Amino acid sequence: MNKSWAIVNKLLPFSCVDGPGNRLVIFLQGCNFKCLNCHNPYTISLCQDCGDCVATCPHQALTFSHHQVIWQTSACQQCDTCLQTCQYHSTPMTYRYSVEDILNIIRKYLPFLNGITLSGGEATIQLPFIEKLFHAIKHADDLKHLTCFIDSNGYLSQTGWQKVVNVMDGAMIDLKAWDTQVHKKLTGRDNHRVIKTIEYLSKIHKLHEVRFLIIPTHTDLQNKAEQIAHFLLALDPSIRVRINAFHHHGVQGIAKTWEPASKQHVENFATELKQFGLKNIILPTVYLS
């Protein structure tokens, strides 16, 4: 537990969809999945410091020094030219925050917060930082009332989860597909660990919700409602399920050609889950398709 800083893509001071109540959300850079449908593909890879983006920046907000790309936030106009240039689908626009930096930011918004959520990318690939941050929050007299959540793809091993469960209040886990081959096609990895994560976190009462993303003709979730419902009901009859709809905003490559999920797609899946016994289902409030 020696990593006292993290590479952060973005920080959202207020969110009501990333866990219970009003939350400060920290989006960490880097992911161990390569989802074809990722809505934030520039969060997958870490900057390789190749320098290709420096010359293309129209506002001279990027420089190259000592084999590193330096982002000058004061000059940046958020035009995203660097994102379009990067062959690694990454971004030079990241921050390096220490645990103390994050604690100071939390205190700035503290009167309005119920908790914080670590998201990504995939937050758990920077697990030592999360462990240290959550530990600091839980041992600070002015912060220990805040709940600490992780939004994850679930690929962390049980041993990894055991390092943070004593300082974590809950996790939201994405299940991308039911069949492991469909999951591997979509993400580059199978879903065995994801299933184990859902089982483990439910068993220790740290599973806040399971999330599904409906992609017409590409996810198998719609055809596996009975199996999914039986799996979840066996863990906890009151388990919380959130269904999201695939849309084109932010996606790259082949996913741009995929059909977005409509309200009807989502509601049909929700209806099937309910028919097989699931009750606690949350649907999108807005559809972007």
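If you're wondering where the values come from, they're calculated on a predicted model, not measured in any experiment.

1. Details of helix H8 (residues 225-235)
Then comes step 1: Those residues of H8 that fall on the buried side of the exposure criterion are Ala225, Ile228, Ala229, Phe231 and Leu232. End-on, the buried residues of H8 take up no more than an arc of 165°, which puts them together on one face.
Then comes step 2: Residues of H8 that are buried sit in contact with helix H7 (192-203), strand E9 (207-214), strand E10 (241-245) and helix H9 (263-275).

2. Brief notes about the packing of aromatic side chains
Then comes step 1: In the structure shown here, the tally under the stated rule is eight aromatic pairs.
Then comes step 2: Of the aromatic side chains, those joined through ring pairs into one cluster are Phe14, Tyr109 and Phe112.
Then comes step 3: Just above the ring of Phe27 sits the side chain of Lys10; from NZ or CZ to the centre is 4.9 Å.
Then comes step 4: Just above the ring of Tyr155 sits the side chain of Arg193; from NZ or CZ to the centre is 4.9 Å.

3. A closer look at the pairing of strand E1 (residues 5-15)
Then comes step 1: Taken together, the four bridges between E1 and strand E5 (residues 95-98) define a ladder with antiparallel strand orientation. Considered in E5, the bridge of Trp5 is made with Ser98.
Then comes step 2: Two strands pair when backbone bridges link them, and E1 and strand E2 (residues 23-28) are joined in this way by five bridges, in the antiparallel orientation. Looking across to E2, one finds that Lys10 is bridged to Phe27.

4. Comments concerning the nonpolar core
Then comes step 1: If you look at the biggest cluster of nonpolar residues, it comprises 69 residues, and the most contacted ones within it are Leu133, Phe134, Trp161, Leu232 and Leu273.
Then comes step 2: Among all residues touching Leu232, those that are not within four sequence positions of it are Ile198, Val210, Phe212, Ile239, Val241 and Leu278.
Then comes step 3: In this structure, Cys57, Cys76, Cys82 and Met93 belong to the second largest nonpolar core, which totals ten residues.

5. Side note on the side chain of Thr43
Then comes step 1: Summarising the element assignment, Thr43 is placed in the loop between E2 and helix H1 (52-56).
Then comes step 2: Take Thr43: its relative accessible area is 5%, and that puts it in the buried class.
Then comes step 3: A polar contact is formed between the side chain of Thr43 and the backbone oxygen of Asn40, at a distance of 2.7 Å.
Then comes step 4: Of the polar contacts made by the side chain of Thr43, one reaches the backbone nitrogen of Gly121; its length is 3.3 Å.
Then comes step 5: For Thr43, the residues in contact, after removing those within four places along its chain, are Asn9, Gln29, Gly30, Cys31, Gly120 and Gly121.

6. Points about the sheet that holds E9
Then comes step 1: Pairing in this open sheet of nine strands is mixed, and the strands run E5-E1-E2-E6-E7-E8-E9-E10-E11 from one edge to the other. The strands lining the two open edges of the sheet, one partner per strand, are E5 and strand E11 (281-282).

7. Digging into the pattern of salt bridges
Then comes step 1: Summed over the entire model, instances satisfying the criterion amount to ten salt bridges.
Then comes step 2: Put simply, Lys138 and Asp169 hold a salt bridge, and the shortest N to O gap is 2.7 Å. Highlighted residues: Lys138 in helix H4 (residues 127-138) and Asp169 in the loop between helix H5 (158-162) and strand E8 (170-174), separated in sequence by 31 residues.
Then comes step 3: Overall, Lys138 belongs to the partly exposed group, its relative accessible area being 22%.
Then comes step 4: Its salt-bridge partner being Glu267, residue Lys263 comes within 3.9 Å of it at the nearest N-O pair. Taken together, the residues Lys263 and Glu267, both in helix H9 and four residues apart, mark about one turn of the helix.
Then comes step 5: Among the charged side chains, a salt-bridge network with shared partners connects Asp151, Glu209, Arg211, Arg240 and Arg242.

8. Quick look at the packing of H7 against H8
Then comes step 1: Axis separation between H7 and H8 bottoms out at 9 Å; the angle between their running directions is 30°. Between H7 and H8, the angle falls in the class roughly parallel. Counting all contacts with H7, which are made through Ile195, Ile198, Glu199 and Ser202, the residues of H8 involved are Phe231, Leu232 and Leu235.
Then comes step 2: Residues of the contact of H7 with H8, tallied by class, amount to five nonpolar, one polar and one charged.

Definitions and limits used
Residues numbered from 1 in each chain as written. Predicted model: local features only at pLDDT ≥ 70, side-chain atom pairs only at ≥ 80, totals over all residues. Heavy atoms only, no water. Buried < 20%, exposed > 50% of the residue type's maximum accessible area, 1.4 Å probe, protein only. Helix = DSSP H or I, 4+ residues; strand = E, 2+ residues; numbered from the N terminus. Arc of directions from axis to C-beta. Contact = heavy atoms within 4.5 Å. Phe/Tyr/Trp six-rings, centres within 6.5 Å; stacked < 30°, edge-to-face > 60°. Lys NZ or Arg CZ within 6 Å of the ring centre and 35° of its normal. Pairing = 2+ DSSP bridges. Core = buried A, V, L, I, M, F, W, Y, C linked by side-chain atoms within 4.5 Å. Polar contact = N/O pair within 3.5 Å; in protein donor to acceptor, adjacent residues only side chain to side chain. Salt bridge = Lys/Arg side-chain N within 4 Å of Asp/Glu carboxyl O. Axes fitted to C-alpha atoms, helices over the stretch in contact; angles between N-to-C directions. Parallel < 35°, antiparallel > 145°, perpendicular 65-115°, else oblique. Nonpolar A, V, L, I, M, F, W, Y, C, P; charged D, E, K, R; others polar.

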